[in-house]
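# Coordinates in review
Residues per chain are reported as follows:
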Amino acid sequence: MKPFEHVVAEHGATVLRVCRAVLGPVDADDAWSETFLSALTAYPRLDEGANVEAWLVTIAHRKAIDVTRRRARAPVAVPDVAELVHAPSRDGIPGQHIEQGDDDLWRALAALPPKQRQAVAYHHVAGLPYQEVASILGGSPEAARRAASDGMGALRRTYPAARPSSTARTSKGSAS
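A brief look at the structure comes next. Here the structure is a predicted model, which is why all the values come from computation and not from measurement. Starting from 1, residues in each chain are numbered consecutively following that chain's sequence as written. Two thresholds apply to this predicted model, a pLDDT of at least 70 for residue-level local features and 80 or more for giving and counting side-chain atom pairs, whereas whole-chain, interface and lining totals are computed over all residues. Side-chain descriptors were evaluated using all non-hydrogen atoms of the structure, hydrogens and water having been removed beforehand.

Turning our eyes to something else, we now look at the overall build of the protein chain. When helices and strands are counted, the protein chain shows 7 helices and 0 strands. For every residue, the accessible area (1.4 Å probe, protein chains only) is compared with the maximum for its type, and the residue is labelled buried under 20%, exposed over 50%, or partly exposed between those bounds. The buried share among the 176 residues of the protein chain stands at 36%. The criterion used for residue contact is that any of the two residues' heavy atoms lie within 4.5 Å. Taking the intrachain contacts of the protein chain between residues at least 6 apart in sequence as the baseline, contacts between residues at least 24 apart amount to 61%. Residue-level accessible areas treat just the shown protein chains as cover; the underlying method is Shrake-Rupley with a 1.4 Å probe. Carbon and sulfur atoms provide 55% of the accessible area of the protein chain, an area that totals close to 11,000 Å². Every helix listed is a DSSP run of H or I at least four residues long, and every strand listed is a run of E at least two residues long, numbered separately from the N terminus.

The structure is reproduced here in structure tokens:
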């Protein structure tokens, strides 16, 4: 079995992308850290032939659920609106803002129902096959495929960068 730091180096970026797609940029780092802390303790007991990436995404899925539950129970501080000089940062660093395209993408992802958002993240971001996505979400591979397809369809309708450009459409065979 390869050293755990190699596992983190190989799969860390994928797990972070999945956490960001499921939770958004604010809570993703915590879920990523918790995923690898849990994985570190369980790694020595992992079967030699196990799909490490799917195993890590499964742990990330569970940590995302934990973060969502914690967030729902946490009190929300409401700032005095008159004191806000600029929009709050989405990445947690005051005065710095994430790219507008990232913000638009997160808004489009956040608008998806949870199963669709998770299916899109696990299949299209992490690259897991639908069988693995179904195993993580509970359900059949067909249901996972449908959720990912519906999620991608909704993103194509709501995320500006996913819309086909009108200049990219040209009619074949038109005479000039």
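Here we take up the layout of surface pockets. Only protein atoms enter the 1 Å grid, on which a cavity is a set of points fitting a 1.4 Å probe that cannot get out and a pocket is an open set with protein on both sides within 12 Å along at least 5 of 7 lines, lining residues being those with an atom within 4 Å of a point. Grid points are joined across faces, edges and corners, and a volume is the space filled by probe spheres set on the points. Volume-wise, the second largest pocket comes out at about 170 Å³. Lining the second largest pocket, in full, are Val22, Leu23, Ala64, Ile65, Thr68, Arg69, Arg71, Trp106, Ala110, Pro114, Arg117 and Gln118. Those elements that place two or more of their residues in the lining of the second largest pocket are helix H1 (4–23), helix H3 (52–73), helix H4 (100–110) and helix H5 (114–125). At 5 residues, H3 tops the list of elements feeding residues into the lining of the second largest pocket. Here the residues of the lining of the second largest pocket are counted per class, giving 7 nonpolar, 2 polar and 3 charged. The classification used treats Ala, Val, Leu, Ile, Met, Phe, Trp, Tyr, Cys and Pro as nonpolar, Asp, Glu, Lys and Arg as charged, and all other residues, Gly among them, as polar.

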